[in-house]
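# Architecture and fold: a report
Residues per chain are reported as follows:
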Amino acid sequence: MLYTPANWGSAPLEWTREHLLGLADLSVEEITIILDQAQRFRSCILESSENSRAIPLLAGKTIVNLFFENSTRTKTSFGLAGRRLGANVVDFASSTSSLSKGETLIDTAKNIQAMGLDAIVMRHSCPGAPKLLASRLKDCVVVNAGDGAYEHPTQGLLDLLTIRRRFGSFKDLTVALVGDIAHSRVARSNIFALLKLGAKPIVCGPSTLISPYWRELGVEISYSLDDILPRVDVFNLLRIQFERQVTRPFPSIREYARLYAMDADRLARCKKDVLILAPGPINRGVEITPDVADGPHSAILDQVTNGIATRMATLWLTISAMSRRLAAR
């Protein structure tokens with residue numbers, strides 16, 4: 001089947017947000033709309049055996065990837081998502097731009113917008129940078145691809161899609177986020193959404209990397225991975241983010257791996273249908289051993305595929321909402 005805008009249909013009118021800045025502000029209904037649309041894209045496009053794996057829902061639109069931090073999966077995934085929707089995708093290199101000459105972020109974005117773009121996908125080391133950009137730009141979608149240690153909404157959404165495809169529902173699932181919680185925007189986006197969807201999140205890691213603040217939100221805290229192994233349905237194993245740390249939060253990498261790495265012995269003590277996730281990049285032998293990362297319980301590569309579908313849904317929904325408002329003026 002050749003997918004076209006005519007046989008695909010229009011974006012749901014229930015979705016009215018013109019930006020995706022985080023999951024903390026989304027309702028259960030809004031999260032579900034994105035996941036449903038992402039599943040449709042995965043089923044109809046990414047799993048299609050037809051020659052055409054694109055659908056020109058965003059034909060004529062221009063999307064700029066504005067990344068101020070290094071990225072492999074997220075940047076490539078957004079680029080593929082935009083192109084599979086028929087959009088023009090431009091990768092902006094901040095290191096060779098006028099930012100290096102003293103131009104402000106807002107002025108850079110306004111100049112890019114003046115070139116006729118429709119959406120900016122932004123990653124920045126400063127929390128709140130995408131929100132600031134969205135407040136200053138008119139008639140341009142802003143999608144947060146990670147802001148400092150605060151949120152990474154599309155990573156959270158692709159994790160949710162991966163979990164939902166395995167278990168069907170989030171109700172009463174126990175999901176453990178293990179590792180560097182203090183510096184993880186992935187952990188925050190996951191937790192904000194999991195609590196709303198009825199799951200039971202646990203944060204697990206060294207006490208130096210977990211704030212007691214999470215208890216106030218109803219999140220369980222554990223400093224022992226071994227203690228929680230038998231009752232967890234999903235483990236999301238987070239990378240230690242040394243680049244965001246001022247001091248070493250534990251004695252050594254070897255010590256961390258001994259206490260918190262998911263290996264074959266620990267996996268044997270988990271539920272038989274346990275799901276293993278990792279947002280990447282993974283450090284084999286630190287947070288996860290190679291046999292577990294490549295084993296049957298791992299959905300790490302499935303997360304990558306779900307990332308393209310989730311970002312296709314995010315771009316389509318937000319740009320469609322913006323287009324409806326502009327058309328009504």
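Look up: the structure comes first, before these words.
Figured I'd write up the structure that's included with this text. Since this is a predicted model, take the numbers as computed values, not measurements.

Let us look at the sheet that holds strand E9 (residues 275–277). Across the sheet, five strands lie side by side as E7-E6-E5-E8-E9; this open sheet has parallel pairing. Each edge of the open sheet is held by one strand with a lone partner, namely strand E7 (220–222) and E9. With strand direction ignored, the average angle separating the axes of adjacent strands in the sheet is 20°. The sheet contact formed by strand E6 (residues 200–204) and E7 spans three bridges and is parallel. From the neighbouring strand, Cys204 faces E7, where its bridge partner is Ser222. Relative to the sheet, helix H7 (residues 185–197) contacts strand E5 (174–178), E6 and strand E8 (234–237), its axis offset from that of E5 by approximately 165°.

Bringing unusual backbone geometry into the picture now. A negative phi angle characterises most non-glycine residues, just as the trans form characterises most peptide bonds. For Asp139, which is not glycine, the phi torsion reads 60° and is therefore positive. Relative to the assigned elements, Asp139 resides in the loop between helix H5 (129–136) and strand E4 (141–147). The phi dihedral of Asp172 falls on the positive side, at around 65°, and the residue is not glycine. Mapped onto the fold, Asp172 is located in the loop between helix H6 (153–167) and E5. Taking relative accessible area as the criterion, Asp172 reaches 45% and is therefore assigned partly exposed.

For the rest of this paragraph, the subject is the pattern of salt bridges. Counting across every chain of the model gives 13 salt bridges. In this structure, the salt-bridge partner of Arg269 is Asp226, at a minimum N-O distance of 3.4 Å. Of the two residues, Arg269 is situated in the loop between helix H11 (264–268) and E9 and Asp226 in helix H9 (residues 225–228); the sequence distance between them amounts to 43 residues. Take Arg269: its relative accessible area is 38%, and that puts it in the partly exposed class.

In total, this model carries seven aromatic pairs according to the counting rule given. When the ring of Phe41 is compared with that of Trp316, the centres are 5.6 Å apart and the planes differ by 75°; the resulting orientation is edge-to-face. Linking Phe41 in helix H2 (residues 28–46) with Trp316 in helix H13 (residues 300–327), this pair joins segments that are 275 residues apart in sequence. Look at Trp316 and you get buried, because its relative accessible area is 3%. Three or more aromatic residues joined by ring pairs form one cluster here, namely Tyr150, Phe192, Tyr213 and Trp214. When the ring centre of Trp8 is taken as reference, the NZ or CZ atom of Arg40 above it lies at 4.1 Å.

For soluble globular proteins, the rule of thumb is that nonpolar side chains tend to be buried together. Judged by nonpolar contacts, the single largest core of 54 residues is most densely connected at Phe41, Leu85, Leu160 and Leu315. Ranked by the residues each element gives to this core, the list is headed by H13, at 10 residues. For Leu315, the contacting residues outside a window of four places in its chain are Leu58, Ile63, Phe78, Ala81, Gly82, Leu85, Val121 and Val143.

Here strand E3 (residues 119–124) lies mainly inside the structure; six of its six residues are buried. Where strand E1 (residues 62–67) lies against E3, five bridges are found, and the strand directions are parallel. Across the sheet, residue Asn65 finds its bridge partner in E3, namely Val121. Pairing of E3 with E4, which is carried by five bridges, proceeds in the parallel orientation. Along E4, the bridge assignment pairs Ala119 with Val141.

What counts, and where the lines are drawn
- Residues numbered from 1 in each chain as written.
- Predicted model: local features only at pLDDT ≥ 70, side-chain atom pairs only at ≥ 80, totals over all residues.
- Heavy atoms only, no water.
- Pairing = 2+ DSSP bridges.
- Helix = DSSP H or I, 4+ residues; strand = E, 2+ residues; numbered from the N terminus.
- Axes fitted to C-alpha atoms, helices over the stretch in contact; angles between N-to-C directions.
- Contact = heavy atoms within 4.5 Å.
- Buried < 20%, exposed > 50% of the residue type's maximum accessible area, 1.4 Å probe, protein only.
- Salt bridge = Lys/Arg side-chain N within 4 Å of Asp/Glu carboxyl O.
- Phe/Tyr/Trp six-rings, centres within 6.5 Å; stacked < 30°, edge-to-face > 60°.
- Lys NZ or Arg CZ within 6 Å of the ring centre and 35° of its normal.
- Core = buried A, V, L, I, M, F, W, Y, C linked by side-chain atoms within 4.5 Å.

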